[in-house]
Amino acid sequence: MDSHPTVRSTCRLFSLLSLIVLVWTWSGHLHSPDCEINYRTVRSLAEGKGYAVPPYPSGFGTRTGLDGNEYPQYGPLQPLLAVPLFLLGKTMSGLIPPEWLSAQEQRLYRTVSFYRPSTGGGSNFEGLYPIDHKERVCRLMVSLFNPLMTWLTVLLILFFGKTLYNDELSGMILAAFYLFGTIAWPHSRPFYTESLATLCLLGSLLPAWQMGQETGCQRLVAKAGGAGAFLGLAVLARLDSVVAGPGLCLVGIASLYKVWQARGGVAAVSALLSGIAGCVCLVAIHPVLNWLRFGSVLASGYSDQPEGIDFGIPFFDSLWIYLISPGKGIFGYSPPLLAGLFAWPLLYKREKSLALGTLLIGLGYLLVIGRWQNLGGWCWGPRHLFQVTPFLLLPLPLLLQRVKSPQDYLGRNLLLMLVLVLGIVVQFWGVLVDYMWPLDQTLRGLSPGEDTARVLSAGYYGPVLHAWAWRHDPDPDWFLYDLWNSGKTGARFVAGGIGSVGFALLVLFIHSLWKIYRKNRPAGIHCNS
């Protein structure tokens, strides 16, 4: 159906508001040794030194190459894409006075030892928040990468939902639940690679599904090539993205089968070859880099890490760990995914191949990555299942389709509001407190293999610990808040200006939602079948 003009304007407001919210809660600094290795790679690329990086203390996150240099274990795509932000930081360092960062320095230095430079153990560590002002500003700008990737993902989900359900309001509902109700919001803050990989996987799924409705031969081949290329980019962002390949292939092959039936085998085969070529050409970069760096296409930077590579967690244990455990259960950290489960049969009736493909993507991560012994204790929630979040959420708008009675409509709305409010409450603790704070205070003695009992408990990593941490240090881990607290007129002008724009957008957005509510269809949000 065609969206009402009010709905279209509300969707535009939501797009801008989501960006402002991500900037509001932007930390403005790096988190954890993982982010540090990725940043050092960005810096090396920007300075023309390639992917070789200065080693982190104890050799974390890198492996010595044949040339004697240290190379990162992480994918090559994200550091490459973040180079413009680093260069922007070098330019901005002369425009941002050091005094503007004084409040941020005081807060970080008093809370977490990792941020402070240190000497000892045979190596010098510049710290996650070094003394040099130019370096601080470069890190500040690079830390914008994941908020931008998260915002692009929100826009893609909004477009995906609109295209799938032929309804802009359904797309906005899907995007809002993803951003504010799941771990996507807290994970927009560190410089991890999951956000970029998720964007690429969604970028692959959309054209893979759309091929089935394509009538033009050139557009069909282009979409197939795009689907393959985005899968290849996801693998370059994170190697574990390969587990999403079977699910994406299922959706793509089902679409090409429709093309075969409607237009014959030539069009379908041409599109298939285009998709394979787009994927293989990019994925092949990984083994080539391994061969150049370490002398073997099967070698990688992970090979000499203390925790090793071991997919040894029993399957049923992984189900408990990643689905329902207090410390890493995905539904506890992202409550809207529970509501999405109820809508899964509706998606299967509507789009069988899309439902089965996205389900296979989720199972791929659970069956493979879920059995990895590294539980990702440093991060907020089940980091290693982060990429499945938008795929599990995809059927959610269907809960407001084909409502049988006013009571049914009310019940479904109450369910959606409940999981959204719970999700917002959980994510708010995730964005309010720097997770390095509680980790540094209570768990500094963890071995590389992690203390499993603590990682999976409610009191050591999750919202409970963050609430306790906030009681002891109530300053939010937000750059704009630090900017305001610096007390400098220019800094307060910037922070206050962004805050005022965001508040105005929020008021306009609420007003638009009220107008939609007053014109709300009594039977719910109807999506074309």
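Attention here is on the structure that accompanies the text.

How each quantity is defined
- Residues numbered from 1 in each chain as written.
- Predicted model: local features only at pLDDT ≥ 70, side-chain atom pairs only at ≥ 80, totals over all residues.
- Heavy atoms only, no water.
- Buried < 20%, exposed > 50% of the residue type's maximum accessible area, 1.4 Å probe, protein only.
- Helix = DSSP H or I, 4+ residues; strand = E, 2+ residues; numbered from the N terminus.
- Contact = heavy atoms within 4.5 Å.
- Core = buried A, V, L, I, M, F, W, Y, C linked by side-chain atoms within 4.5 Å.
- Expected span 1.5 Å × (residues − 1).
- Patch = residues over 30% accessible without salt bridge, like charges linked within 9 Å, V, L, I, M, F, W, Y side chains within 5 Å.
- Areas by Shrake-Rupley, 256 points an atom, 1.4 Å probe, with all protein chains shown as cover.
- Salt bridge = Lys/Arg side-chain N within 4 Å of Asp/Glu carboxyl O.
- Disulfide = S-S within 2.5 Å.

Here we look at helix α5 (residues 133–142)
Residues spaced three or four apart along an α-helix point in a common direction, a consequence of the helix completing one turn every 3.6 residues.
Working step 1: With nine of ten residues buried, α5 lies mostly within the body of the structure.
Working step 2: Residues His133, Glu135, Arg136, Val137, Cys138, Arg139, Leu140, Met141 and Val142 constitute the buried set of α5.
Working step 3: Buried-residue contacts for α5 involve α2 (32–46), α3 (77–92), α4 (102–111), α6 (145–165) and α22 (479–485).

Notes on the nonpolar core
Working step 1: Among the nonpolar cores identified, the biggest contains 144 residues, and Phe14 and Tyr365 are the most heavily contacted of them.
Working step 2: Sequence-distant contacts of tyrosine 365, defined by excluding residues within four places in its chain, comprise Leu201, Asp240, Ser241, Val243, Ala244, Gly370, His384, Leu385, Gln387 and Val388.
Working step 3: Grouped together as the second largest cluster of nonpolar side chains are eight residues, Ala224, Leu256, Val259 and Ala271 included.

Structural notes on helix α16 (residues 352–367)
Working step 1: Helix length check: α16 (16 residues) gives 22 Å between terminal C-alpha atoms against 22 Å at 1.5 Å per residue, within 8%.
Working step 2: Residues of α16 that are buried: Ser353, Leu354, Ala355, Gly357, Thr358, Ile361, Gly362, Gly364, Tyr365 and Leu366.
Working step 3: Looking at the buried side of α16, the elements it contacts are α6, α8 (194–210), α10 (245–263), α13 (315–324), α15 (336–350) and α17 (389–393).

Quick word on a nonpolar patch on the surface
Working step 1: On the surface, a cluster of nonpolar side chains totalling about 910 Å² of accessible area is made up of Leu250, Phe311, Phe315, Phe316, Tyr348, Leu356, Leu359, Leu360, Leu363, Leu367 and Val368.
Working step 2: Elements supplying a minimum of two residues to the nonpolar patch: α13 and α16.
Working step 3: Per-element accounting of the nonpolar patch gives the leading share, five residues, to α16.
Working step 4: The topology assignment puts leucine 356 in helix α16.

As for unusual backbone geometry
Working step 1: One non-glycine residue, serine 32, adopts positive backbone phi at about 65 degrees.
Working step 2: For serine 32, the position within the fold is in helix α2.
Working step 3: Despite not being glycine, asparagine 166 has its phi angle at roughly 55 degrees, a positive value.
Working step 4: Relative to the elements of secondary structure, asparagine 166 occurs in the loop between α6 and α7 (168–181).
Working step 5: Judged by relative accessible area, which is 37%, asparagine 166 ranks as partly exposed.

Structural notes on the state of the cysteines
Working step 1: The final tally for this structure, using the stated rule, is zero disulfides.
Working step 2: Considering cysteine sulfurs only, cysteine 249 is the nearest to cysteine 279, which forms no disulfide, with 7.2 Å between them.
Working step 3: The cysteine cysteine 379 is free of any disulfide, with cysteine 35 supplying the nearest cysteine sulfur at 10 Å.

Comments concerning the pattern of salt bridges
Working step 1: Tallied over the entire structure, the rule returns 21 salt bridges.
Working step 2: A salt bridge links glutamate 214 to arginine 219, with the nearest nitrogen and oxygen atoms 3.3 Å apart.
Working step 3: Given the relative accessible area of 52%, arginine 219 is considered exposed.

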